[in-house]
Amino acid sequence: MKKWFQRSYMGLVFLFLYLPIAYLVLFSFNSGKSKVIFSGFTLKNYADLFTDQQIMQALLNTLIIAGISSIVSTIIGTMAAMGIQRLRKWQRNAVMNVTYIPVLNPDIITGISMMLFFSALGISLGFGTVLLAHITFNIPYVILAVMPKLRQVDYSAYEAAEDLGASPALAFRKALLPQIMPGVISGFLMALTLSVDDFVVTFFLRGVEVETLATVIYTTTKTRISLSMNALCGVMVVVVLIILILANLPQKQQKPKKEERI
Amino acid sequence: MENIIELKDIHVSFEGEVILDHFNLNIKDKEFVTFLGPSGCGKTTTLRTIAGFIQPSQGKVLFEGKDITALPPHKRQVNTVFQRYALFPHYNVYDNIAFGLRISKTDEKEIAERVSEMLKLVNLKGFEKRNVTSLSGGQQQRVAIARALINNPKVLLLDEPLGALDLKLRKGMQTELKRIQRQMGITFIYVTHDQEEALTMSDTVVVMKDGLIQQIGTPEDIYNEPRNPFVADFIGESNIIEGLMLRDLLVKFEGVEFPCVDKGFGENKPVDVVVRPEDIEITEPKEGMLCGTVESVTFKGVHYEMMVRSENYLWKIHSITYKEIGTRVAMEIIPEYIHIMAKEV
């Protein structure tokens, strides 16, 4: 009986979490116009989606912004984490607290403050400002993903590589980077999903003509009701799911192997 | 014999704390040299200065007579075996050992030959594909030694390489390191705080304290002729007592005159007298002998360790004869076992 309650409780939790999404995806296959009555299966909504110029442009923008911002923030974030790791304890704590602020800050504050900042500098809002903003809010997440790996790293391996003839750059690439790679990759994937998902910050910094998938969904659902929006959401769910699975793969490989002895 | 490494007037300090000051040392080619001292004596700093990880703020490091002070570690012809092995966890045994040759873009066929040669040298044949994290401490240390030796360094630096191993394994590795050094015919510079390890393996021992060299010599020299009370105390166990050098070949301590073999200290000069615990013989007390009362007896396997109190000094004695606590005994010391040290100014 106790087990039954436990299971049904879990079931309810997952139901509340995933039913709305399942509902949304289900109606992306609806052949009718209604969002309530399912009248038959079709892929027409998906076809519409991929022929819609505005949505395709938004998809392209999203991918470019997410791609560039996650790569750039991964590089900057990894370098920053290495620098922070070498600081003294109180300095490290201070910098880490500053790093946490953007993570804890509501997106709307990040968005508005950046908008005001760019306006004050006289920079016109558009693609560039959205990209800069995405890089900025991604960096702390990369730092937070890389730091724990850096803490485990054996720095003497880096010295050993230098000792064996590797230049500092080569020693970093051969001895240090492979050790922190799982952290770098998960930081990168986190940045990628955050960038794809972001609506609020983009909304404030996009100016007039730049649209990403999130802003398109927002503006379209306000003006016209179309099931191709359901299809778009379906695509996004699948994409995020794939990234999530990828992000969890390296951890599985890392399981410690059984100790062997002779 | 030629000097392979010369340290000239080296000065190193960290955050205002002076570690080495006006430090001078010559190391002869093909020798097994050990830096011995308590932690914080500057022995590892000296080693890292030779490796190139520490830049002295003053002074010169010479390698075969050439100034290499400004050369970064990767351009120096020395290799290091690190305290905690510092293996590359993402590589297997083969790739760890091959690392140095891959950096120098050596032909893969030659690498394969050299790696198997090295594995043979360190007794790890058949371990090529093994994950280094799955190896025991002793095996990891062997991989680290092979990895450092594959570059054919003229000098191998070893930073307390056996520190993390258990006693039995450590003894085995000591003989093995000595064998490897003879077989390769290169200079080993070894850092340790374990005096027994230093005495067992070295051709030359450099005893250090507070960044200063206390004594340089063969293990026998250091043990039998310690230059000051620190060396006498640090190397093995010893009784160090204040005495008076009456004249050449005669010393007086605890009110008893002893003939000795030392001379040249002058007449009626205060000196420090060193007597090793195993060099004192316990006999029946007689008039005019150094006498004392047994305060404690501990069984140590090969011998009993006794603490005997004389007038002003508590003697540590290793004896194979057992005496009960409270027994009055006499202590005999033959002239050869008495070592005289001049008082430090």
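Residues numbered from 1 in each chain as written. Chains lettered and ligands numbered in written order. Predicted model: local features only at pLDDT ≥ 70, side-chain atom pairs only at ≥ 80, totals over all residues. Heavy atoms only, no water.

## Some remarks on the side chain of S202(B)
Residue and element names in this part refer to chain B.
Right, on to step 1. As for its placement among the helices and strands, S202 is situated in the loop between helix 6 (195-201) and strand 9 (204-209).
Right, on to step 2. Looking at S202, its side chain comes within polar contact range of the side chain of T34, at 2.5 Å.
Right, on to step 3. A polar side-chain atom of S202 sits 2.4 Å from the main-chain carbonyl oxygen of A198.
Right, on to step 4. The residues touching S202, leaving out its near neighbours within four places in the chain, are F32, T34 and P219. (Helix = DSSP H or I, 4+ residues; strand = E, 2+ residues; numbered from the N terminus. Polar contact = N/O pair within 3.5 Å; in protein donor to acceptor, adjacent residues only side chain to side chain. Contact = heavy atoms within 4.5 Å.)

## A short note on the pattern of salt bridges
Residues and elements named next belong to chain B.
Right, on to step 1. Across all of its chains, the model carries 21 salt bridges over all chains by this definition.
Right, on to step 2. Between E176 and R142 there is a salt bridge, with its nearest N and O atoms 2.7 Å apart. Here E176, found in helix 5 (residues 167-184), pairs with R142, found in helix 4 (residues 137-149); they are 34 residues apart in sequence, far enough to count as distant. Like E176, the residue R142 is buried in the burial classification.
Right, on to step 3. Here E197 ties to R170 by a salt bridge, and the two come within 3.9 Å at their closest N and O atoms. Of this pair, E197 sits in helix 6 while R170 sits in helix 5, placing them 27 residues apart in sequence. Note on accessibility: E197 and R170 belong to one class, buried.
Right, on to step 4. Salt bridges linked by common partners bring D95, R102 and E108 together as one network. (Salt bridge = Lys/Arg side-chain N within 4 Å of Asp/Glu carboxyl O. Buried < 20%, exposed > 50% of the residue type's maximum accessible area, 1.4 Å probe, protein only.)

## Remarks on the packing of aromatic side chains
Right, on to step 1. Using the criterion set out here, one finds 23 aromatic pairs over all chains in the structure.
Right, on to step 2. For the ring pair F88(B) and Y91(B), a centre distance of 5.9 Å and an interplane angle of 85 degrees mean the geometry is edge-to-face.
Right, on to step 3. Judged by centre distance (6.3 Å) and plane angle (45 degrees), the ring pair of Y91(B) and F99(B) falls under tilted.
Right, on to step 4. Taken together, the ring pairs in this structure connect F199(A), F203(A), F204(A) and Y218(A) into an aromatic cluster.
Right, on to step 5. In this structure, R147(B) is placed above the aromatic ring of F88(B), and the distance from its NZ or CZ to the ring centre is 4.7 Å.
Right, on to step 6. Seen from the ring of Y223(B), R276(B) lies directly overhead, with NZ or CZ sitting 3.9 Å from the centre. (Phe/Tyr/Trp six-rings, centres within 6.5 Å; stacked < 30°, edge-to-face > 60°. Lys NZ or Arg CZ within 6 Å of the ring centre and 35° of its normal.)

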